[in-house]
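# Observations on chain architecture
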Amino acid sequence: MGFFKKNGYLPFSEPEIGEEELNAVKRVFKRNWFTSGPEVKEFEKEFSEIVNSKFSVAVNSATAALHISLKALGIGAGDDVISVPFTFVSTINTIVESGAFPVLVDIDEKSYNISPEKVVEKIEQDYEFSEEYPVNKKTGNRLKAIIPVHYAGQPADMDEIDQIAKKYNLKIIEDAAHAIGSFYKGKKIGNSKNLVAFSFYSNKNITTGGEGGIVCSNSEEYESLLRLYSLHGIDKEAYSRLRQEGLPFYDVKVLGFKYNMTDIAAAIGREQLKRIEKINRKRRLIAKLYSQYLSEVEEIVIKPVSKEKKSSYHLFPVEIKNYERDSLIKELLNKKIQTSVHFIPVHLFSYYKKHYPYKEGDFPVSEAIFRRILSLPIFPAMDEGDVKIVVKAIKDIFSKK
Ligand SMILES: Cc1ncc(COP(=O)(O)O)c(C=O)c1O
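Presented here is an overview of the structure given in this document. Nothing here was measured: the structure is a model prediction, and the numbers come from that model.

### A look at the overall build of the protein chain
Within the protein chain, the secondary structure is distributed over 14 helices and 15 strands. Expected size for 401 residues packed as a compact globule is a radius of gyration near 21 Å; at 22 Å, the protein chain falls within 12% of this value. Viewed in the frame of its principal axes, the protein chain has a C-alpha envelope of about 70 × 60 × 40 Å. In the protein chain, once contacts between residues fewer than 6 apart in sequence are set aside, the share between residues at least 24 apart is 73%.

### Considering the packing of helix H6 (residues 116-126) against helix H7 (residues 158-168)
Taken N-terminus to C-terminus, the directions of H6 and H7 make an angle of 20°; their axes are 9 Å apart at the nearest point. With respect to H7, the element H6 is oriented roughly parallel. As for the relative orientation of H6 and H7, their crossing is right-handed in sense. Contacts between H6 and H7 pair Pro116, Val119, Val120 and Ile123 from the former with Glu160, Ile161, Ile164 and Tyr168 from the latter. In terms of residue class, the contact of H6 with H7 is built from seven nonpolar, no polar and one charged.

### Some points on the site of the ligand
Lining the immediate surroundings of the ligand are 14 residues, of which Ser61, Ala62, Thr63, Ala177 and Ser199 lie closest. Put simply, the parts of the chain that give the shell around the ligand at least two residues each are helix H4 (62-72) and helix H5 (89-97). Of the residues belonging to the shell around the ligand, the class tally is five nonpolar, eight polar and one charged.

### Here's the deal with the pairing of strand E6 (residues 142-146)
Counted residue by residue, E6 has four buried out of five residues, so it is predominantly covered. Strand direction decides the pairing type here: strand E2 (residues 79-83) and E6, joined by four bridges, are parallel. Among the inter-strand pairings, Ile82 is bridged to a residue of E6, identified as Ile146. Bridge analysis of E6 against strand E7 (residues 171-175) gives two bridges, and the strand direction is parallel. What sits directly across from Ala145, in E7, is Lys171.

### A short note on the sheet that holds strand E9 (residues 187-188)
Strand order in the open sheet formed by three strands is E9-E8-E13, with antiparallel pairing between adjacent strands. The sheet is open, and its two edges are formed by E9 and strand E13 (309-310), each paired on a single side. Note: strand E8 (residues 183-184) against E9, two bridges, orientation antiparallel. Paired with Phe183 across the strands is Lys188, a residue of E9.

About the cut-offs
Going along each chain's sequence as written, the residues are numbered from 1 onward. The model is predicted, so local features are restricted to residues of pLDDT at least 70 and side-chain atom pairs to those at 80 or more, both for listing and for counting; the totals for chains, interfaces and linings are taken over all residues. Where helices and strands are cited, they refer to DSSP runs of H or I of at least four residues and of E of at least two residues respectively, numbered from the N terminus. C-alpha atoms define the radius of gyration, and 2.2 Å times the number of residues to the power 0.38 defines the globule rule. Placing a C-beta atom from the backbone of each residue, one calls two residues in contact when those atoms lie within 7 Å. A fitted line through C-alpha atoms serves as each axis, taken over the contacting stretch for helices, and the angle formed by two N-to-C directions is quoted from 0 to 180°. Roughly parallel refers to an angle under 35 degrees, roughly antiparallel to one over 145, roughly perpendicular to one between 65 and 115, and oblique to any angle outside these ranges. Handedness of a crossing is defined here by the sense of rotation of the near helix relative to the far one, left-handed for an anticlockwise turn of less than a right angle and right-handed for a clockwise turn. Residues are grouped as follows: Ala, Val, Leu, Ile, Met, Phe, Trp, Tyr, Cys and Pro are nonpolar; Asp, Glu, Lys and Arg are charged; all remaining types, including Gly, are polar. For each residue, a C-beta position is placed from the backbone atoms; the residue is near a molecule or strand when that point lies within 6 Å of it. Burial in this document is a count-based property: other C-beta atoms within 10 Å of a residue's C-beta are tallied, and the residue is buried at 20 or more, exposed at 12 or fewer, or partly exposed in between, with C-beta positions derived from the backbone. Pairing between two strands is assigned when DSSP locates at least 2 bridges connecting them.

These figures come from the coordinates and say nothing about function on their own.
Take a look at the structure:
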């Protein structure tokens, strides 16, 4: 039976979680060790096996993963970091929290991801070239990094971004909050020399029980720094100190944060990892069915995922044509179908308007897409019947225009 039939409503997202996760939590209770310990160690190893990375550092959110990535790369005051306004505010907040300046660049209309052409345009226009880094002509800031976001699970144009990074000596941090199980040109997202940050927040493809994140890479150069930044700069975590060696001594090497993952979260995550292939297969099926059934609906535009990319379909975004997007949200809600909007462009938030030199109109593609985009319900407990219910509801609403 479909989710709607069973529950009488369809949420925008619902985690796939059950007895196995509960038993994993019990295992932690029995061990009586709750902060980062053996479960976190295993989770990191198992995660790396899944995304084909050399290492992973588990933390308590993707926000934390992005923040420690910036810190490990030595990014701070006087530095510029390029990213997009069409993302969750977390991406840009972490740049600000690192002390750097967020240089926003618009997205590509087809992929909803950062436009490599616009990145080049921005760099050529605003920076002059020193031996080491591009230097901002107005502020004197050094351009250090770029954070592409793999929106909805569709990877950004990484080859083009890699080339830009090489040419201008920039580091890349991938915001892969949506992209666990996504592929770029046959390679898993996470299998990269870049630092790649994933999210295990409640509505993500897998969750570590509400909050969680991880940063992984094939460039082992940054592993120890990432670990230090994740836990106060302490060079020996509590488990090895207290349970294994029994000695209480440690050093503090850098000014770090309290971002470490708990063993309960990791134990849940380990069970979720066992389900990831199945979860993503189901998400891809739901996406395919939506694409089929909505293809003849004139008011709905579905942008196809590029052939060289495979999306994890964290989101299923559609654009609404010739109909008020906001009315559609309300009318669907009246029919007990919840949708969402990804994303409100970051430069339109009052904090960013007040403190940064951005204004409405600066990023026309992000702004136009934001006004017409809608994320339809997509989660593994849905079946074909649920997709049909959403499609029928949408068609009924449009037919009463
Ligand atoms: C694109 C993007 N980046 C970063 C994050 C932050 O993830 P977290 O909630 O795990 O900090 C999110 C969360 O929704 C996101 O959508």
